[in-house]
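# Residue-level structural notes
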Amino acid sequence: MKMAVTIVQDKDVGKLLDRITKAGYSATKLASSGGFLRSGNTTLLIGVEEEKLEALLELIKETCKQRTELLTQVQPIMGPVDAHVPVPIEVPVGGATVFVLDVAQFLKV
Ligand code: 2BA
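Described in the following lines is the structure provided in the data block.

Procedures and definitions
- Residues numbered from 1 in each chain as written.
- Predicted model: local features only at pLDDT ≥ 70, side-chain atom pairs only at ≥ 80, totals over all residues.
- Heavy atoms only, no water.
- Core = buried A, V, L, I, M, F, W, Y, C linked by side-chain atoms within 4.5 Å.
- Buried < 20%, exposed > 50% of the residue type's maximum accessible area, 1.4 Å probe, protein only.
- Helix = DSSP H or I, 4+ residues; strand = E, 2+ residues; numbered from the N terminus.
- Contact = heavy atoms within 4.5 Å.
- Near = heavy atom within 4 Å.
- Polar contact = N/O pair within 3.5 Å; in protein donor to acceptor, adjacent residues only side chain to side chain.
- Areas by Shrake-Rupley, 256 points an atom, 1.4 Å probe, with all protein chains shown as cover.
- 1 Å grid on protein atoms, 1.4 Å probe; cavity = no way out; pocket = protein on both sides within 12 Å on 5 of 7 lines; lining within 4 Å.
- Points joined across faces, edges and corners; volume = space filled by probe spheres on them.
- Nonpolar A, V, L, I, M, F, W, Y, C, P; charged D, E, K, R; others polar.
- Salt bridge = Lys/Arg side-chain N within 4 Å of Asp/Glu carboxyl O.

Next up on the list: the nonpolar core. Grouped together as the largest cluster of nonpolar side chains are 16 residues, with contacts concentrated most on L16, I20, Y25, L44, I46, L56 and I60. Residue assignment for this core shows that the elements contributing at least two residues are β1 (2-8), α1 (10-22), β3 (40-48) and α2 (53-63). Per-element accounting of this core gives the leading share, five residues, to α2. The contacts of I46, once residues within four sequence positions are left out, are K2, M3, A4, T6, I20, Y25, S26, A27 and L56.

Have a look at this one:
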């Protein structure tokens, strides 16, 4: 068995959960935040039989879109008077970040 730790944007979560639960996968949804943007995203823990992993990854690829988020950075401007100006920077985010781990044991007790 494998564990697909899947980090997705909040905007994609509803659709992704609909699709993977309809396809028979089980998932646990955790609220999380990205370390870089410090904004909310969602982490799904999806335990999956090895032979169903590729189909799961396909569903994730089809559902999770890449988007652009704006990050405002304050940058120094050199001139007669030193100033710091907020500069918006576009950062690409997603589709999804997936870590596939081996599961040593799966128990329901
Ligand atoms: P964040 O850490 O908030 O990162 C959001 C996006 O910012 C990233 O999108 C990437 O395009 C950019 N980014 C991240 N770190 C950067 C850096 N040091 N310099 C420049 N740009 C940077 P994604 O790569 O699609 O990642 C989306 C979210 O997935 C991340 O949110 C984080 O929560 C998670 N993630 C990505 N890689 C990870 C990793 N190696 N370990 C743990 N979580 C990861």
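There's more to say after this.
A few words now on the site of the ligand. I7, G34, G35, F36, L37, N41, V91, P92, V93, G94, T97 and F99 make up every residue found near the ligand. Contact distances for the ligand include 2.9 Å between an oxygen atom and a backbone N or O atom of L37. Here an oxygen atom of the ligand sits 3.0 Å away from a polar atom, N or O, in the side chain of N41. Contact with the protein chains hides 50% of the accessible area of the ligand, taken as 750 Å² for the molecule alone. Elements with a minimum of two residues in the shell around the ligand: β5 (83-93) and β6 (96-102). If you tally residues by element for the shell around the ligand, the top one is β5, at three residues.

Bringing the layout of surface pockets into the picture now. Taken as a whole, the largest pocket spans an internal volume of roughly 380 Å³. Along the walls of the largest pocket sit 20 residues, with Q9, L37, G40, N41 and V93 positioned nearest its centre. Elements supplying a minimum of two residues to the lining of the largest pocket: β1, α1, β3, β5 and β6. With three residues, the single largest contributor to the lining of the largest pocket is β5. Split by residue class, the lining of the largest pocket holds eight nonpolar, nine polar and three charged.

Before going further, it helps to examine the pattern of salt bridges. Scanning all chains against the criterion turns up four salt bridges. The residue E62 makes a salt bridge to R19 at a minimum N-O spacing of 3.0 Å. One end of the pair, E62, is in helix α2; the other, R19, is in helix α1, and 43 residues separate them in sequence. For the salt bridge of E58 with K61, the shortest nitrogen-to-oxygen distance reads 3.5 Å. Residue E58 and its partner K61 are located together in helix α2, separated by three residues, close to a single helical turn. Under the relative-accessibility criterion, E58 is labelled partly exposed at 38%. K61 sits in the exposed class, given a relative accessible area of 62%.

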